[in-house]
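Structure at a glance
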Amino acid sequence: GAVVSQHPSRVICKSGTSVKIECRSLDFQATTMFWYRQFPKKSLMLMATSNEGSKATYEQGVEKDKFLINHASLTLSTLTVTSAHPEDSSFYICSATPTGNQPQHFGDGTRLSIL
Amino acid sequence: SQKIEQNSEALNIQEGKTATLTCNYTNYSPAYLQWYRQDPGRGPVFLLLIRENEKEKRKERLKVTFDTTLKQSLFHITASQPADSATYLCALDTAGNNRKLIWGLGTSLAVNP
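What you see is a predicted model; the values in this text were computed from it and never measured.

Calculation criteria
- Residues numbered from 1 in each chain as written.
- Chains lettered and ligands numbered in written order.
- Predicted model: local features only at pLDDT ≥ 70, side-chain atom pairs only at ≥ 80, totals over all residues.
- Heavy atoms only, no water.
- Helix = DSSP H or I, 4+ residues; strand = E, 2+ residues; numbered from the N terminus.
- Buried < 20%, exposed > 50% of the residue type's maximum accessible area, 1.4 Å probe, protein only.
- Contact = heavy atoms within 4.5 Å.
- Areas by Shrake-Rupley, 256 points an atom, 1.4 Å probe, with all protein chains shown as cover.
- Lys, Arg positive; Asp, Glu negative; His and termini not counted.
- Charge placed at Lys NZ, Arg CZ, Asp CG, Glu CD.
- Buried area = accessible area lost by both parts, 1.4 Å probe.
- Salt bridge = Lys/Arg side-chain N within 4 Å of Asp/Glu carboxyl O.
- Polar contact = N/O pair within 3.5 Å; in protein donor to acceptor, adjacent residues only side chain to side chain.
- Nonpolar A, V, L, I, M, F, W, Y, C, P; charged D, E, K, R; others polar.
- Pairing = 2+ DSSP bridges.
- Axes fitted to C-alpha atoms, helices over the stretch in contact; angles between N-to-C directions.
- 1 Å grid on protein atoms, 1.4 Å probe; cavity = no way out; pocket = protein on both sides within 12 Å on 5 of 7 lines; lining within 4 Å.
- Points joined across faces, edges and corners; volume = space filled by probe spheres on them.

1. Some points on the overall build of chain A
The number of helices and strands found in chain A is zero helices and 11 strands. The burial tally for chain A puts 51% of its 115 residues in the buried class. Pairs at least 24 apart in sequence give 55% of the contacts found in chain A among residues at least 6 apart. Looking at chain A as shown, the accessible area adds up to about 5600 Å², and 50% of this sits on carbon and sulfur atoms. For chain A, the separation between the mean place of its 11 positive charges and that of its 9 negative charges on side chains is 6 Å.

Right, dumping it as structure tokens:
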């Protein structure tokens, strides 16, 4: 149980393109989803916390107009990297948690490469 | 500022031995502490959660301890196998409202056959 699907797994695109990443909880309802970014040999960096039906809470230093998050249902959250540039290239990972203080369950990540 | 430190060096052990990984933290009092496994190019996989009022938690070959006085958690894998080779992450869990995880850098474990 507690499977989280993230799609796509890899994106390569030109600078200026907007990229949408989907995160779905397949067998549970996720009231809260998290979006992370991870650089090589660095720890997971929380970008934002997303609650179903409300605006995402962004961490300090994360541009909300650059990284648009939508959590329209209890099983789906999307992250759109708008007008992506090479410095946005990274490994983006989502996680989801059911209600209560339960562990986070992660997707397999999206490797984003902006040329 | 909050700081989490895990074994900075990669850990190499022989198959069958017990691997012990360390997670130390400062300037924080987490409600829970979690351990995850991450394989290259994959998302983390949850392993164990231990609460601040628990001293020890076990799951099959895994054991976690949590010492809130020392501000330290130890993660043990007994009878280690090559398939246990991965990066192991510890995360402080704030719990409650505005819950979030604060992550360590991870420790790379290699179990040699």
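Past the structure itself, the notes keep going.
2. Regarding the interface of chain A and chain B
With 20 residues of chain A at the contact, the number on the chain B side is 19 residues. Between chain A and chain B the total buried area reaches about 1500 Å² when both faces are included, carbon and sulfur atoms providing 51% of it. Viewed at the interface, chain B and chain A are joined by two salt bridges. There are six residue pairs in polar contact (both at pLDDT 80 or more) connecting chain A and chain B. Taken together, the elements giving at least two residues each to the side of chain A that touches chain B come down to β4 (32–38) and β9 (90–97) of chain A. Per-class residue counts for the side of chain A that touches chain B are eight nonpolar, eight polar and four charged.

3. Points about the sheet that holds strand β7 (residues 67–73) of chain A
All names here are of chain A. Read across the sheet, four strands follow the order β1-β3-β8-β7 without closing on themselves; strand pairing throughout is antiparallel. Each of the sheet's edge strands pairs with one partner strand only, and the pair in question is β1 (4–7) and β7. Geometrically, the sheet is characterised by an average inter-axis angle of 15 degrees between neighbouring strands, direction not taken into account. Where β1 and strand β3 (residues 19–25) come together, four bridges link them in antiparallel fashion. Among the inter-strand pairings, H7 is bridged to a residue of β3, identified as E22.

4. Examining the layout of surface pockets
If a probe the size of a water molecule is rolled over the atoms, the empty space left behind becomes visible. The volume enclosed by the largest pocket comes to roughly 600 Å³. Lining the largest pocket are 26 residues, with P40, K41 and K42 of chain A together with T87 and L105 of chain B sitting closest to its centre. For the lining of the largest pocket, the secondary structure elements donating two or more residues are β1 (3–6), β9 (86–93) and β11 (107–112) of chain B.

5. So, the environment of T26 of chain B
The topology assignment puts T26 of chain B in strand β3 (residues 19–26). As for T26 of chain B and D93 of chain B, which are separated by 67 residues in sequence, their C-alpha atoms are 14 Å apart.

6. So, the pattern of salt bridges
On inspection of all chains with the given rule, the structure shows nine salt bridges over all chains. Two residues, E59 of chain A and K100 of chain B, come together in a salt bridge whose shortest N-O distance is 2.9 Å. Of this pair, E59 of chain A sits in the loop between β6 (57–58) and β7 while K100 of chain B sits in the loop between β9 and β10 (101–103), placing the two residues on different chains. Residue D84 of chain B is joined to R61 of chain B by a salt bridge in which the shortest nitrogen-to-oxygen separation is 2.9 Å. With D84 of chain B in the loop between β8 (72–77) and β9 and R61 of chain B in the loop between β6 (56–59) and β7 (62–67), the pair connects residues that are 23 residues apart, well separated along the chain. Since its relative accessible area comes to 8%, D84 of chain B is described here as buried.

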